[in-house]
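# What the coordinates show
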Amino acid sequence: MKSVFVYCEVENQKVAEISQELLSAGKRLAEKLGAPLEAMVNGKDLKGIESQIAPYGVDKLFVGDDTRLEPYRTLPHAALVTKVLKQEDPQIVLFGATSVGRDLAPRIASKLNCGLTADTTILDIGDHFVKKEKKEYTDLLYAIRPAFGGSIMANIINWDMHPQMATVREGVMKKEIFDANYKTKVISVKVNEVVSDTDFVVKIIERHIEESEVNLKDAPIIVAGGYGVGSKENFDLLKNLANILGGEVGGSRAAVDAGFIDHNRQIGQTGTTVRPKLYIAAGISGAIQHTAGMQDASLIISINNDPEAPINALADYVITGDLGIVIPKMIQYYKENAK
Amino acid sequence: MRPLKIIVLAKQVPDTRHVGPDAMKPDGTVNRGKLSTVFNPDDLHALELALNIKDRIPGTQVTILTMGPQKAADIIREGYYRGVDDGIMISDRRFGGADTLATSYTIVQAIKKIADYDLIVGGRQAIDGDTAQVGPQCADKLNIPQVTYVEEILEIKEDEIIARRRLETGVETVSAPYPVLMTVHGSSPDCRSRKAKKVMKYKYARTKTEMRKGDPVLEALHLKRPHLVIPEWSVEDINADVTKIGLAGSPTKVKSVSSIVLTATESKVLTDSDSDIEGMIKELIKHHTIG
Ligand SMILES: Cc1cc2nc3c(=O)[nH]c(=O)nc-3n(C[C@H](O)[C@H](O)[C@H](O)COP(=O)(O)OP(=O)(O)OC[C@H]3O[C@@H](n4cnc5c(N)ncnc54)[C@H](O)[C@@H]3O)c2cc1C
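Remember, it's a predicted structure, so these values are computed and weren't measured experimentally.

How each quantity is defined
Think of each chain on its own: its residues are numbered from 1, step by step along the sequence as written. Ligands are numbered from 1 and chains lettered from A, in the order in which they are written. Local features are withheld for residues below a pLDDT of 70 in this predicted model, meaning they are given only at 70 or higher, and side-chain atom pairs are given and counted only at 80 or more; totals for whole chains, interfaces and linings count all residues. Excluded from the side-chain calculations are hydrogens and water; all other atoms, namely the structure's heavy atoms, are used. Nonpolar cores were defined as sets of buried Ala, Val, Leu, Ile, Met, Phe, Trp, Tyr and Cys residues, with membership established by side-chain atoms within 4.5 Å. For every residue, the accessible area obtained with a 1.4 Å probe (protein chains only) is divided by the maximum for its type, and the residue is called buried under 20%, exposed over 50%, and partly exposed between those limits. In this description a helix means any DSSP run of H or I spanning at least four residues, a strand means any run of E spanning at least two, and both kinds are numbered starting from the N terminus. The contact criterion used is simple: two residues touch if any of their non-hydrogen atoms lie within 4.5 Å. The cutoff for a nearby residue is simple: one of its non-hydrogen atoms must lie within 4 Å of the molecule or strand. Distance and chemistry together define a polar contact, namely a pair of N or O atoms within 3.5 Å, with one atom able to donate a hydrogen and the other to accept it when in protein, and with adjacent residues in sequence counting only for side-chain atoms on both sides. Surface accessibility follows the Shrake-Rupley procedure with a 1.4 Å probe radius. Residue values consider only the protein chains on display as shielding. Each residue receives one of three labels: charged for Asp, Glu, Lys and Arg, nonpolar for Ala, Val, Leu, Ile, Met, Phe, Trp, Tyr, Cys and Pro, and polar for the others, Gly being one of them. Multiplying 1.5 Å by the helix residue count minus one yields the expected span of that helix. What counts as buried area is the accessible surface, traced by a 1.4 Å probe, that two parts surrender upon association, with contributions from both included. By salt bridge we mean one thing: a side-chain nitrogen of Lys or Arg within 4 Å of a carboxyl oxygen of Asp or Glu. When DSSP finds two or more bridges between two strands, those strands count as paired. Domain start and stop positions are those given by an automatic or database domain assignment. Axis definition: a line fitted to C-alpha atoms, limited for helices to the stretch in contact. Angles are taken between N-to-C directions and run from 0 to 180 degrees. Reported orientations rely on four angle classes, namely roughly parallel under 35 degrees, roughly antiparallel over 145, roughly perpendicular from 65 to 115, and oblique for the rest. By convention the crossing between two helices is left-handed if the near helix lies anticlockwise of the far one by an angle smaller than a right angle, and right-handed if it lies clockwise. Known as pLDDT, the predictor's per-residue confidence is scaled from 0 to 100.

## What about the nonpolar core?
The biggest cluster of nonpolar side chains holds 46 residues, and the ones touching the most others in it are Ile53, Val121, Ile153, Ile161 and Met182 of chain B. No other element matches helix α1 (residues 41-56) of chain B, which puts 7 residues into this core. Those residues in contact with valine 121 of chain B that sit more than four places away from it in its chain are Ile6, Ile7, Val8, Leu9, Ala46, Leu49, Ala50, Met182 and Val184 of chain B. One finds Val229, Leu245 and Leu299 of chain A together with Ile290 of chain B within the second-largest nonpolar core, a separate group that totals 36 residues.

## Here's the deal with the site of the ligand
The full set close to the ligand counts 25 residues, and Tyr227, Ser252, Thr270, Ser285 and Asn304 of chain A are the nearest of them. Two or more chains meet at the ligand, and those chains are chains A and B. A distance of 2.5 Å is found between an oxygen atom of the ligand and a side-chain nitrogen or oxygen belonging to serine 252 of chain A. Asparagine 305 of chain A places a polar main-chain atom, nitrogen or oxygen, 3.3 Å from a nitrogen atom of the ligand. Protein chains shield 78% of the accessible area of the ligand, which is 990 Å² for the free molecule. Secondary structure elements with two or more residues in the shell around the ligand: α7 (253-257) and α8 (288-291) of chain A. The residue makeup of the shell around the ligand, split by class, is 6 nonpolar, 15 polar and 4 charged.

## What to know about helix α3 (residues 74-88) of chain A
Residues and elements named next belong to chain A. A rise of 1.5 Å per residue sets the reference length of α3, with its 15 residues, at 21 Å; its end C-alpha atoms lie 21 Å apart and thus fit the reference within 8%. The element α3 is largely enclosed, with a buried count of 12 among its 15 residues. Trailing α3 by a residue or two, aspartate 89 shows a phi angle of about 50 degrees, which is positive.

## Observations regarding the interface of chain A and chain B
The parts lose accessible area when they come together, and the size of an interface is often stated as this lost area. Facing the 79 residues of chain A at the interface are 75 residues of chain B. Roughly 6,500 Å² of surface becomes buried between chain A and chain B when both sides are summed, with 57% attributable to carbon and sulfur atoms. When residues of chain A are sorted by the area they lose upon contact with chain B, Arg107, Phe148 and Tyr317 of chain A head the list and together hold 12% of the total. Counting across the interface, chain A meets chain B through 5 salt bridges. Between aspartate 140 of chain B and arginine 107 of chain A there is a salt bridge; the shortest N-O distance is 3.6 Å. The interface formed by chain A and chain B holds 34 residue pairs in polar contact (both at pLDDT 80 or more) in total. Classifying every residue of the side of chain A that touches chain B gives 39 nonpolar, 21 polar and 19 charged. In this sheet, strand β15 (residues 268-270) of chain B lies alongside strand β18 (residues 317-320) of chain A in parallel orientation, the contact comprising 3 bridges. Its bridge partner being in β15 of chain B, valine 318 of chain A is matched across the sheet by valine 269 of chain B.

## Describing helix α1 (residues 17-33) of chain A
All names here are of chain A. With 17 residues, α1 extends 25 Å from end C-alpha to end C-alpha; this agrees with the ideal 24 Å at 1.5 Å per step. Across the 17 residues of α1, 13 count as buried, placing the element largely inside the fold. Following α1 by one or two positions, glycine 34 has its phi on the positive side, about 70 degrees.

## Let's talk about the domain arrangement of chain A
Residues and elements named next belong to chain A. The assigned domain composition of chain A is domain 1 (4-200) and domain 2 (221-337). Between domain 1 and domain 2, the C-alpha centre-to-centre distance is 34 Å. Summed over the shared surface of domain 1 and domain 2, the result is 0 salt bridges. Applying the counting criterion to the domain 1 and domain 2 interface returns 2 residue pairs in polar contact (both at pLDDT 80 or more). Considering only residue class, the side of domain 1 that touches domain 2 consists of 1 nonpolar, 4 polar and 3 charged.

## Concerning the packing of α3 of chain A against helix α4 (residues 99-112) of chain A
Residue and element names in this part refer to chain A. Running from amino to carboxyl end, α3 crosses α4 at an angle of 50 degrees, the nearest separation of the two axes being 9 Å. What the angle tells us is that α3 and α4 run oblique. Between α3 and α4 lies a crossing whose hand is right-handed. The segment α3 lies against α4, with Thr74, Leu75, His77, Ala78, Val81, Thr82, Leu85 and Lys86 engaging Asp103, Leu104, Arg107, Ile108, Lys111 and Leu112. In terms of residue class, the contact of α3 with α4 is built from 7 nonpolar, 3 polar and 4 charged.

## Some words on the pairing of strand β10 (residues 152-157) of chain A
Two faces belong to every sheet, and in a regular strand the side chains alternate between them. Residues and elements named next belong to chain A. Most of β10 sits inside the fold, with 6 of its 6 residues counted as buried. Here β10 shows a buried face lined by Ile152, Ala154 and Ile156 and a second buried face lined by Met153, Asn155 and Ile157. Relative to β10, strand β9 (residues 135-147) runs antiparallel, the two sharing 5 bridges. Within the sheet, the bridge partner assigned to isoleucine 144 lies in β10 and is asparagine 155.

## Remarks on the pattern of salt bridges
Summed over all chains, the structure comprises 41 salt bridges over all chains. A salt bridge links arginine 102 of chain A to aspartate 119 of chain A; its shortest N-O distance comes to 3.2 Å. Of this pair, arginine 102 of chain A sits in helix α4 while aspartate 119 of chain A sits in strand β7 (residues 116-120), and the two are 17 residues apart along the sequence. Aspartate 140 of chain B is the partner of lysine 111 of chain A in a salt bridge, and the nearest nitrogen-oxygen pair spans 2.6 Å.

## Overview of the side chain of glutamate 172 of chain B
On the secondary structure map, glutamate 172 of chain B appears in strand β9 (residues 170-177). There is a polar contact of 2.7 Å between the side chain of glutamate 172 of chain B and the side chain of arginine 207 of chain A.

## Considerations on the sheet that holds strand β16 (residues 278-282) of chain A
Taken together, the 6 strands give an open sheet; going across it, the order is β15(A)-β14(A)-β16(A)-β17(A)-β18(A)-β15(B), and neighbouring strands pair in parallel fashion. If you trace the sheet from one side to the other, it starts and ends with β15 (248-251) of chain A together with β15 of chain B, each paired once. Adjacent strand axes in the sheet meet at a mean angle of 20 degrees, parallel and antiparallel pairs treated alike. Two elements, β16 of chain A and strand β17 (residues 299-304) of chain A, share 5 bridges in a ladder whose sense is parallel. Within β17 of chain A, the position partnered with alanine 281 of chain A by the bridge is serine 302 of chain A. Seen against the sheet, helix α9 (residues 323-337) of chain A touches β16, β17 and β18 of chain A and runs at an angle of roughly 135 degrees to β17 of chain A.

## Description of unusual backbone geometry
Note that the residue after glutamate 70 of chain A, namely proline 71 of chain A, is joined by a cis bond; omega there is -5 degrees. Secondary-structure assignment places proline 71 of chain A in the loop between β5 (60-65) and α3. Cis geometry marks the peptide bond from tyrosine 178 of chain B to proline 179 of chain B; its omega dihedral reads -10 degrees. Relative to the assigned elements, proline 179 of chain B resides in the loop between β9 and β10 (180-184). In this structure, lysine 134 of chain A is a non-glycine residue whose phi angle is positive, near 50 degrees. With respect to the helices, strands and loops of the structure, lysine 134 of chain A is situated in the loop between β8 (122-130) and β9.

## Thoughts on the confidence of the model for chain B
Overall, the predicted model of chain B reaches an average pLDDT of 92, with 92% of residues at or above 70. For this predicted complex, the interface score ipTM comes out at 0.87, alongside a pTM of 0.79.

Written out as structure tokens, the structure is:
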């Protein structure tokens, strides 16, 4: 059975969050197919890197270790991954829909002359009957993604030009250790034999990477405000609630556009996708582009003065009322009742 | 510094930012006819980047290239109105239904026909698919380096160009030799507006196919002013292999689409009364959701 293959991003010896999510998703697909899971990681000083990758159930790991491979540049990474993909001939290849994955995957798809679906949010395995050929193709990758500004979901398949490649949105696949003691076969790739000097013509002169201080993705509780919050000052109310609950503040795009809250706290299709334990939506109507980024929260509370707000359909608790009255009461009763 | 030859890749797209209620058919598919078309926003940023280089290095030649149905000639006219030197349409029914792989093959065939270029720029992505794939795929097929997510050109030198890239976690400054393909990020400067003089000069620019309706006045004008004839390249003109274009050359196919319906959960409906809110908080604490 041909493998499922994951391209892992690494920086400073740390495997990226998205890659851990992809390895988990890749393992679930591999299990459905009864196929092995393979991965590749390229960077510098990668000795022992397998300890971060093996637990996701990786059967074979290719490592390209060379100082010139970090920070990421397109051409050498493309050369290395293409070489290994040609040799391993996997059926499915996954990349993160990140600045790196979206730069690299199309270049490789062009080299391999195969299909690539961008920005998928759901991966599955299924069949497809091609009428023209009167032929049933089994065990295909269903790469499902939002399309047309998030108003529809499209299931994209590729039955004849393999491998089936996809980039996957950050934060949508659940990270899940398969077996902490899983044995991976590590294969170190002879980088010098694959890349040439012309792969390094693009030079990095300077880099400023900001470790983003906000980490909405890992926050167990998110208090999100929308346009209905009304002002930057009113957002302080949400911040207070988030602080006492041990959560983070987020916002809808309308709230960001209105300047109530920073862009890096936007939740939704063009912001961050979150899946917290508790999501409190205050003054948010529930446009599809917003709900796409929060609908997997375990518990949702909606505070809205419009009883018909679309977000209420998703909510476990619908509080119909003015957030300026409701939130202070929540703070008060939390303080009184928490031990 | 010597003048550069720049090709701008631009696309006409359905305006997915303003999807009205009638844009969806009852079966959940998109009613493309009901969506208005626009110049893809990121491509306008790419156009500005090219025109800005032309401002800095007089004599720089900017050619705008688009692939699409006849209506997409609007893109070429819009390019002229804002200052490009040349425009080329790639248009043929047989190109229809192309995914990014087939599209990049087609565009590259046209670029090979143009042959002489230092820089190719396009938007980072198009709003009808948000794939961001066509740029890198073209660069690969041309066997030239790519610099994606460009925000600003910092320096243009004889043998290399220096640009700042916008990454999701920061910025990066890189240098690349010519020829190079760049994709331009939406955080770069907005495109300049149309110039009234250019609008006057080019408003009657048409492709041959657009002229087919037969308009004697326009025909006479085109004879007198050949710059108004927008070149239009077919499958044969760019020497394309028909198995690599259109639907046939596209590995990815849409199996199904579904409109998104919010799944109704059993919700508890509360008022803003003290007892309702205190009750909820107590439940959340009891279930260890908070506290
Ligand atoms: C391509 C594209 C991408 C997008 N990406 C995103 C994205 O990533 N994230 C995102 O959020 N949006 C996104 N949007 C925008 C989205 O379509 C909506 O416009 C946006 O989510 C609306 O934000 P809102 O709910 O805060 O505002 P509104 O829709 O204006 O809703 C305000 C709500 O507040 C309620 N309200 C008002 N006053 C009060 C009060 N005193 N107390 C309680 N309730 C009150 C109102 O009843 C209303 O329900 C995107 C749109 C497009 C086209």
